[in-house]
Amino acid sequence: MLHGILVATELSDRSADPPARAAMLAAAHARDKPDHLSVAAPGWTGLAEQAMARIEATAPGLVVLGWHAPTWLGRLRNAWTFRTLARRSPRPVLVVRQPPLRPYARVLVAVDFSEEGSAAAIASVRTAVRCAPGARFTLLHAFDTALEGFMRRAGVASHVIGGHRRKLRSGARAAFRRLLRSLGLPETRFSLVTSPHPERAALRLHAASARPDLVVVGRRRGGWLDGWFGAWGAREALAATSCDLLLVPPRERRMAARPAPGAN
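Residues numbered from 1 in each chain as written. Predicted model: local features only at pLDDT ≥ 70, side-chain atom pairs only at ≥ 80, totals over all residues. Heavy atoms only, no water.

I keep staring at the confidence of the model for the protein chain and nothing clicks. Help me out?
Regions with low pLDDT carry predicted coordinates that are not meant to be interpreted in detail. Averaged over every residue, the pLDDT of the protein chain is 77; residues scoring 70 or more account for 74%. Within the protein chain, helix H8 (residues 233-239) has the poorest average pLDDT of any element, 54, and strand E7 (residues 189-195) the best, 94. Note on residues 223-234: pLDDT under 50 across the span, and 27 contacts to partners over four residues away in sequence or across chains. In this model residues 254-264 is a low-confidence stretch, pLDDT under 50, and it forms 10 contacts with partners more than four residues away in sequence or in other chains. (pLDDT = per-residue confidence, 0-100. Helix = DSSP H or I, 4+ residues; strand = E, 2+ residues; numbered from the N terminus. Contact = heavy atoms within 4.5 Å.)

What is the right way to read the packing of aromatic side chains from this model?
The description of two aromatic rings rests on the distance between their centres and on the angle between their planes. Scanning all chains against the criterion turns up one aromatic pair. Against the face of Tyr104 rests Arg21, its NZ or CZ located 3.9 Å from the ring centre. (Phe/Tyr/Trp six-rings, centres within 6.5 Å; stacked < 30°, edge-to-face > 60°. Lys NZ or Arg CZ within 6 Å of the ring centre and 35° of its normal.)

Is there a simple way to explain the side chain of Thr84 in this structure?
Mapped onto the secondary structure, Thr84 falls in helix H3 (residues 72-88). The buried category is assigned to Thr84, whose relative accessible area is 6%. With residues up to four places along the chain from it excluded, the contact list for Thr84 reads Ala48, Glu49 and Ser89. (Buried < 20%, exposed > 50% of the residue type's maximum accessible area, 1.4 Å probe, protein only.)

Would you mind showing me how to read the nonpolar core here?
What tends to happen in soluble globular proteins is that the nonpolar side chains get buried as a cluster. Core analysis: the largest hydrophobic core is formed by 33 residues, its most contacted members being Leu94, Val107, Val109, Val125 and Phe137. Excluding residues that lie within four positions of it along the chain, Val107 makes contacts with Ala128, Ala132, Ala135, Arg136, Phe137, Thr138, Leu214 and Val216. If you look at the next biggest cluster of nonpolar residues, it comprises 27 residues, including Leu6, Val63, Val215 and Leu245. (Core = buried A, V, L, I, M, F, W, Y, C linked by side-chain atoms within 4.5 Å.)

Explanation requested: a positive patch on the surface in the structure shown.
The grouping of Arg173, Arg177, Arg178 and Arg181 at the surface amounts to a positive patch. Note on placement: Arg173 falls in helix H6 (residues 158-183). (Patch = residues over 30% accessible without salt bridge, like charges linked within 9 Å, V, L, I, M, F, W, Y side chains within 5 Å. Areas by Shrake-Rupley, 256 points an atom, 1.4 Å probe, with all protein chains shown as cover. Salt bridge = Lys/Arg side-chain N within 4 Å of Asp/Glu carboxyl O. Lys, Arg positive; Asp, Glu negative; His and termini not counted. Charge placed at Lys NZ, Arg CZ, Asp CG, Glu CD.)

How should I be thinking about helix H2 (residues 46-58) in this particular structure?
In an α-helix, one turn spans 3.6 residues; hence positions three or four apart end up facing the same way. Taking 1.5 Å as the rise per residue, H2 with 13 residues should run 18 Å; its terminal C-alpha atoms sit 18 Å apart, in good agreement. By the burial criterion, the buried members of H2 are Gly46, Leu47, Ala48, Ala51, Met52, Ile55 and Thr58. Note on H2: the residue one or two positions beyond its end, Ala59, has a positive phi of about 50°. (Expected span 1.5 Å × (residues − 1).)

Please explain the side chain of Asp213 as it appears in this structure.
Position of Asp213 among the secondary structure elements: in the loop between helix H7 (199-210) and strand E8 (214-218). For Asp213, a relative accessible area of 14% translates into the label buried. In this structure the side chain of Asp213 is engaged in a polar contact, spanning 2.8 Å, whose partner is the backbone nitrogen of Ala105. Once residues within four sequence positions are removed from consideration, Asp213 is found in contact with Arg102, Tyr104, Ala105, Arg106, Cys243 and Asp244. (Polar contact = N/O pair within 3.5 Å; in protein donor to acceptor, adjacent residues only side chain to side chain.)

Would you take a moment to explain the pattern of salt bridges for this structure?
The tally for this structure, following the rule as stated, stands at three salt bridges. Two residues, Arg102 and Asp213, come together in a salt bridge whose shortest N-O distance is 3.1 Å. With Arg102 in the loop between strand E4 (93-96) and strand E5 (106-111) and Asp213 in the loop between H7 and E8, this pair connects stretches of sequence that are 111 residues apart. For Arg102, a relative accessible area of 42% puts it in the partly exposed group. Asp213 is paired through a salt bridge with Arg106; the nearest N and O atoms lie 3.4 Å apart. In this pair, Asp213 is assigned in the loop between H7 and E8 and Arg106 in strand E5, connecting sequence segments 107 residues apart. Arg106 sits in the partly exposed class, given a relative accessible area of 37%.

Mind showing me how you'd approach the pairing of strand E6 (residues 136-142) here?
Sheet faces and side chains relate simply in a regular strand, where the side chains alternate between the two faces. Across the seven residues of E6, six count as buried, placing the element largely inside the fold. Considered for its hand, the β-α-β crossover made up of E5, helix H4 (residues 118-131) and E6 is right-handed. With seven bridges joining them, E6 and E7 adopt parallel strand pairing. Note that in E7 the partner of Thr138 across the bridge is Ser191. (Right-handed = clockwise from strand over helix to strand, strands pointing away. Pairing = 2+ DSSP bridges.)

Can you help me understand unusual backbone geometry in this one?
Trans is the common state for peptide bonds, and a negative phi is the common state for residues other than glycine. Positive phi outside glycine occurs at Ala59, with the angle close to 50°. Position of Ala59 relative to the elements: it lies in the loop between H2 and strand E3 (62-66). Not every positive phi belongs to a glycine, and Arg211 is a case in point at roughly 50°. Looking at the element boundaries, Arg211 is found in the loop between H7 and E8.

Mind showing me how you'd approach the environment of Met52 here?
Along the chain, Met52 falls in helix H2. For Met52, a relative accessible area of 5% puts it in the buried group. Remark: the alpha-carbon pair of Met52 and Thr81, spanning 29 residues in sequence, is separated by 9.8 Å. Apart from the residues within four sequence positions on either side, Met52 is in contact with Leu85, Arg88, Ser89 and Pro90.

Dropping the structure here:
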């Protein structure tokens, strides 16, 4: 269940995509219409700072941003807003880039089945299911092949290296089964894809071939996304695909509950 949706746009953005997508998500969860923050954002930081203030005040379940804007200045401001919220928001951030013609049907979720990343993987999948009920979910796990380079330089036989890779794939499949059991969603369709490429390259390659409606990425402290969120990093992250992007924070910070309507 999505407990509140905040749509953050600026007044100069005439695109109806973010509010329409948010309304579609709210309808899927039988919620009231989303909270729409539309501001005449002064300078580069106006929308980002006002959005963060609203997030802290209302604790929404999801923050929805637009990406397209009528001017290049507006597009650069959107990139800055995404960069800020991607680094600071304790709530998931959805960047709407395509017209919301239908509910999400094909969702690609980047997961890490390592010991350090397993909790983030569960959080990413749960958030993805809330945002795309009824979709088909493909979990993409890029296993670590760094050891193979050392093995090759040490002259280890190719069949031994191949066995090591098969072991990694087998471990990923076992972790996938454990994740499905922990989710407890027997009617939701999940599949697993593994890749020997670094996660960043694997995401780009698979998204190009599978053409998902939505890509979901967990923001892990010290993970591969940390290097993406520099001044221009947001544009690089979104350049990996042309679909909508959902960024899940490493851990949703406990925030004050939204006051009930009419409460003092």
